[in-house]
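Given next are the chains, with one letter for each unit.
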Amino acid sequence: MPEQIRDRRRALLELHVHLEGSLSPELLRALAERHGQPGVPAACLTPDGSRYLPVAGFAQFLERYKAVVSVLRTPRDYHEAALGLGAALAGQGVIYAEVTVGYGVMHRLGVAVEPVQRALHEAAAQVAQQQGVRMLWQADAVRQWGVDAAWKALEAALRCGPGLGVVAFGVGGDETALPAGDFAPLLAAAAREGFGTTLHAGETGGPESVREAVLAGAQRIGHATAAGGAPEVLALMAGAGVFAELCPGSNVATGAVAGFEEHPLRAFLAAGVPCCLNTDDPALFGLCLRREYGRAREVLGLLEIEERRMQQQALTACFAPTGIRAEIETLLSTGS
Ligand code: ADE
Ligand code: ZN
């Protein structure tokens with residue numbers, strides 16, 4: 001068992017991490033070579049191939065993301081990506097992760113979803129056994145590709161279902177492209193089928209974008225950053241018990257906030273909005289969840305007791321079935 005997990009009191013939950021954004025530079029190079037795409041690492045990585053280049057703003061990030069995703073083509077590719085993420089999570093002391101996978105992206109690239117999800121489910125079993133990390137899956141649609149494409153993503157997610165580890169449905173991408181309300185019927189359908197629901201909002205959009213996402217029925221909001229400056233939206237979230245998947249390091253990397261010290265974590269805590277920290281796209285942004293909490297302690301004055309409370313809130317807000325939830329609860333509560 002990795003060193004960090006031995007200290008259960010410091011075990012972490014990760015509720016917002018994109019599989020595609022977790023591809024290590026090494027795996028990106030290997031997959032690009034496998035599929036004859038030398039231009040991808042050349043465009044995304046430093047000349048020595050060891051790190052991702054920084055992005056200049058959110059638009060460039062979306063372009064970068066598109067390039068990275070294009071090297072994932074087969075179930076084997078996804079399987080390797082999931083094993084890589086599992087090992088990285090274990091090294092950070094993460095015991096449970098809900099991992100977002102771009103179903104909308106697979107459809108667009110002509111990749112068959114179900115064999116991929118089967119491979120991800122197998123990889124998750126291997127990671128659980130070898131690394132002690134539980135991974136479940138969130139199927140993701142892309143906001144700017146519209147509602148019809150998102151329905152297709154949801155249908156594929158329902159075909160896979162909890163039997164293949166799929167427990168949630170979300171919509172990411174460019175939140176400014178379409179109103180969250182357009183996706184409300186979709187979120188309602190997902191919830192009726194027993195899926196958890198989450199929308200990216202308040203990352204590049206303002207507090208209104210977060211309000212719309214809450215009113216559209218999302219149980220959790222990815223980022224939610226802009227709500228931090230809007231007490232009425234924080235109150236709406238707190239009152240409705242809507243959970244904020246905060247991603248401060250990612251926000252710094254894309255320019256959504258000017259610096260870590262500008263992240264409104266304290267406003268979320270003060271308003272009683274349940275939340276935790278997350279890495280979003282850890283490899284692309286060079287992030288580690290343990291370090292995110294460390295930075296929050298140093299820069300934003302996060303207290304140890306607050307960090308622990310965030311893990312409990314993450315447990316309450318996670319979309320795991322009862323058995324896995326009980327397992328995580330035991331791991332969190334047993335202490336070192
Ligand atoms: N997909 C992956 N990372 C994302 C982000 N930070 N915002 C929107 N969509 C994403
Ligand atoms: Zn995200």
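Reading guide: rules and limits
Residues numbered from 1 in each chain as written. Chains lettered and ligands numbered in written order. Predicted model: local features only at pLDDT ≥ 70, side-chain atom pairs only at ≥ 80, totals over all residues. Helix = DSSP H or I, 4+ residues; strand = E, 2+ residues; numbered from the N terminus. Rg over C-alpha atoms; globule rule 2.2 N^0.38 Å. Buried ≥ 20, exposed ≤ 12 C-beta atoms within 10 Å, placed from the backbone. Contact = placed C-beta atoms within 7 Å. Core = buried A, V, L, I, M, F, W, Y, C linked by C-beta atoms within 7 Å. Near = placed C-beta within 6 Å. Nonpolar A, V, L, I, M, F, W, Y, C, P; charged D, E, K, R; others polar. Pairing = 2+ DSSP bridges. Axes fitted to C-alpha atoms, helices over the stretch in contact; angles between N-to-C directions. Parallel < 35°, antiparallel > 145°, perpendicular 65-115°, else oblique. Left-handed = near helix turned anticlockwise from the far one by under 90°. Right-handed = clockwise from strand over helix to strand, strands pointing away.

A.B. asks: I tried to follow the overall build of the protein chain on my own but got confused; where do I start?
C.D. replies: The secondary structure content of the protein chain amounts to 17 helices and eight strands. Taken over the C-alpha trace, the protein chain has a radius of gyration of 18 Å; the compact-globule value for 336 residues is 20 Å, and the two agree within 12%. Across its three principal directions, the C-alpha atoms of the protein chain cover 50 × 45 × 40 Å. Per-residue burial for the protein chain yields a buried fraction of 52% across its 336 residues. Pairs at least 24 apart in sequence give 74% of the contacts found in the protein chain among residues at least 6 apart.

A.B. asks: Just checking my understanding: could you explain the nonpolar core for this structure?
C.D. replies: It is characteristic of soluble globular proteins that their nonpolar side chains tend to be buried jointly. Ranked by size, the top nonpolar core spans 109 residues in total, and within it Ala82 and Ala157 carry the most contacts. Beyond its immediate sequence surroundings of up to four residues, Ala82 is in contact with Leu19, Leu120, Ala123, Ala124, Val127 and Met135.

A.B. asks: Sorry if this is basic, but what is going on with the site of ligand 1 here?
C.D. replies: As a structural note, the neighbourhood of ligand 1 is formed by His18, Gly21, Tyr65, Gly172, Gly173, His200, Glu203, Ser250, Asp280 and Asp281. Looking at the shell around ligand 1 residue by residue, the classes come out as one nonpolar, six polar and three charged.

A.B. asks: Would you mind showing me how to read the sheet that holds strand β1 (residues 12-18) here?
C.D. replies: Hydrogen bonds between backbone atoms are what pair the strands of a sheet, whose relative direction is either parallel or antiparallel. Pairing within the open sheet is parallel, and its eight strands lie in the order β1-β2-β3-β4-β5-β6-β7-β8. Since the sheet does not close on itself, it has two edges, and those belong to β1 and β8 (275-277), each with one partner. Averaged over all pairs of adjacent strands, the angle between their axes in this sheet comes to 25°, without regard to strand direction. Bridge count for strand β7 (residues 243-246) against β8 is three bridges, and the pairing is parallel. For Glu245, the partnering residue across the bridge sits in β8 and is Cys276.

A.B. asks: Explain the environment of Ala32 to me, please; I cannot follow it from the model alone.
C.D. replies: On the secondary structure map, Ala32 appears in helix α2 (residues 25-34). Considering only alpha carbons, one finds Ala32 and Ala184, 152 residues apart in sequence, at a separation of 37 Å. With near-sequence residues (within four places) excluded, Ala32 lies in contact with Gln37, Pro38, Val40, Pro41 and Val71.

A.B. asks: Before we go on, may I ask you to explain the packing of helix α10 (residues 207-215) against helix α11 (residues 231-240) in this structure?
C.D. replies: The description of two helices packed together rests on the angle between their axes and the distance between the axes. The interhelical angle for the contact between α10 and α11, taken along N-to-C directions, is 20°, at an axis separation of 10 Å. Relative to α11, the element α10 is oriented roughly parallel. Relative to α11, the crossing made by α10 is left-handed. Packed against α10, whose contacting residues are Pro207, Val210, Arg211 and Val214, the element α11 presents Val233, Leu236, Met237 and Ala240 at the interface. Of the residues that constitute the contact of α10 with α11, the class distribution is seven nonpolar, no polar and one charged.

A.B. asks: Honestly, the pairing of strand β4 (residues 166-172) in this entry has me stumped. Any pointers?
C.D. replies: Where a strand is regular, its side chains alternate between the two sheet faces. Judged by how many residues are buried, β4 sits mostly within the fold: seven of seven residues are covered. The sheet contact formed by strand β3 (residues 134-142) and β4 spans six bridges and is parallel. Directly across from Trp137, in β4, lies its bridge partner Val166. One crossover worth recording links β3 to the parallel β4 by way of helix α8 (residues 147-160), and it is right-handed.

A.B. asks: Quick question: what am I supposed to make of the packing of helix α5 (residues 75-91) against helix α7 (residues 113-131) here?
C.D. replies: It is the contact of α5 with α7, at a shortest axis distance of 8 Å, that shows an interaxial angle of 30°. Taken together, α5 and α7 sit at an angle that is classed as roughly parallel. Here α5 and α7 pass one another in a crossing that is right-handed. Here α5 contributes Pro75, Arg76, Tyr78, His79, Ala82, Leu83, Gly86, Ala87 and Ala90 to the contact with α7, which in turn contributes Pro115, Val116, Arg118, Ala119, Leu120, Glu122, Ala123, Ala124, Gln126, Val127 and Gln131. Across the contact of α5 with α7, the residue classes tally to 13 nonpolar, four polar and three charged.

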